[in-house]
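# Chains, contacts and geometry: an overview
Each chain is listed here by its residues.
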Amino acid sequence: MFGYVIPNQGELKVRELEEYRAWYCGLCQRLQKDHGILGRISLNYDMTFLALLLSSLYDPDKAVSESNCLAHPLHRRRKYDTVYVGYAAAMNILLTYYKCVDDWKDDRNLLRGGYGLGLKRAGRKVSDEYPDKAETVRSCLEELSEAEEACETNLDRVSGIFGRICGEIFAVEKDVWREDLYHLGFYLGKFIYLLDAWDDLEDDEKEGSYNPLLLNLPDQKALRSKQQTQKVRDILTQMISRACYHFECLPLVDDVEIMRNILYSGVWTKFDRHTDRTNQEKWSEKG
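Worth saying up front: this structure is predicted, and the values here are computed from it rather than measured. (Residues numbered from 1 in each chain as written. Predicted model: local features only at pLDDT ≥ 70, side-chain atom pairs only at ≥ 80, totals over all residues. Heavy atoms only, no water.)

With their axes 6 Å apart at the nearest point, helix H7 (residues 155-170) and helix H8 (residues 178-199) run at an angle of 135 degrees to one another. Overall, the two elements H7 and H8 adopt an arrangement that is oblique. Between H7 and H8 lies a crossing of right-handed hand. Residues Leu155, Asp156, Val158, Ser159, Gly160, Phe162, Gly163, Arg164, Cys166, Gly167, Glu168 and Phe170 of H7 form the contact with H8, whose participating residues are Arg178, Leu181, Tyr182, Leu184, Gly185, Phe186, Leu188, Gly189, Lys190, Ile192, Tyr193 and Leu194. Here the residues of the contact of H7 with H8 sort into 13 nonpolar, six polar and five charged. (Axes fitted to C-alpha atoms, helices over the stretch in contact; angles between N-to-C directions. Helix = DSSP H or I, 4+ residues; strand = E, 2+ residues; numbered from the N terminus. Parallel < 35°, antiparallel > 145°, perpendicular 65-115°, else oblique. Left-handed = near helix turned anticlockwise from the far one by under 90°. Contact = heavy atoms within 4.5 Å. Nonpolar A, V, L, I, M, F, W, Y, C, P; charged D, E, K, R; others polar.)

Applying the stated rule across the entire model yields 12 aromatic pairs. On the numbers, 5.0 Å between centres and 20 degrees between planes, the contact of Tyr24 with Tyr45 is stacked. Taken as a pair, Tyr24 in helix H1 (residues 14-41) and Tyr45 in helix H2 (residues 45-58) lie far apart in primary sequence, 21 residues in all. A residue is classified by how much of its surface remains accessible, and Tyr24, at 23% relative accessible area, is partly exposed. When the ring of Phe162 is compared with that of Tyr193, the centres are 6.4 Å apart and the planes differ by 35 degrees; the resulting orientation is tilted. With Phe162 in helix H7 and Tyr193 in helix H8, the pair connects residues that are 31 residues apart, well separated along the chain. Accessibility expressed as a relative area gives 8% for Tyr193, which makes it buried. Linked through ring pairs, Phe191, Trp198, Trp268 and Phe271 together constitute an aromatic cluster. (Phe/Tyr/Trp six-rings, centres within 6.5 Å; stacked < 30°, edge-to-face > 60°. Buried < 20%, exposed > 50% of the residue type's maximum accessible area, 1.4 Å probe, protein only.)

Here we take up the packing of H2 against helix H11 (residues 256-264). It is at 11 Å that the axes of H2 and H11 come closest, and there the two elements cross at 140 degrees. When the axes of H2 and H11 are compared, the pair comes out oblique. With respect to the hand of their crossing, H2 and H11 are arranged in left-handed fashion. Residue-level contacts link Phe49, Leu52, Leu53 and Ser56 of H2 to Ile258, Met259, Ile262 and Leu263 of H11. Among the residues forming the contact of H2 with H11, the class breakdown is seven nonpolar, one polar and no charged.

Attention now goes to helix H5 (residues 120-129). A turn of α-helix holds 3.6 residues, and therefore any two residues three or four places apart point the same way. Considered for burial, the residues of H5 that qualify are Ala122, Gly123, Val126 and Ser127. One side of H5 holds all its buried residues, which, seen down the axis, span an arc of 135 degrees. Facing away from the buried side of H5, by more than 90 degrees, are the exposed residues Arg121 and Asp128. (Arc of directions from axis to C-beta.)

Written as structure tokens, this is what we have:
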């Protein structure tokens, strides 16, 4: 995933921010424990949200610890660990490993290829432990590569492929909550894919790289115009609204306000920051 499922830290209470950091640091520690330093490097906010969500929903036993680490050598940080933190760590490895393999096949990206090679053992270990999840990730990334190579113009189809990956990862148990978890992940995945395309708009246009939004925006000569920005915001709003609907169907209590902060505000942080920066640049040019 791409690191868009983040909290709006300015809107969190001090206690809530400390609570969120305990889950983030707990996932970091679990990646190190289960998959080594290379696994730890793959840490991202998106899987922190998954660990938080599943731990709140299923209320498993939670281990609490405090320790220093390389990132925070002078301050002891509280860390949470549950069976679902371990699951989120495994899915983090699975996504990172297969994405590196896919990038190497598509672009012969040496950096990604080398990192994927380093994660090979961990990736195969997780694939053996979660064969259904691994097959979904592998096959969907392959389908996504084919769609991008064919310059697929249908936003719903191309984003939906990544949505299926996230849906499968979110639906961890075969129970009454599976459908809502799947659709929460599915629409959140579509949102992430399209937001990443919006972030890469200028770079993809300059390099001639595939970007589904470039093929759908009304004016190719005025990237990030007010009209284009509003169109993309409307599309993203549809996706995140559906994700939030299924989120609210889940009987969540612990840390629910932190998760609402992420889904209703935090996921828009980078979109709004990019839009504000573009507007400032336009005003500077006029000045």
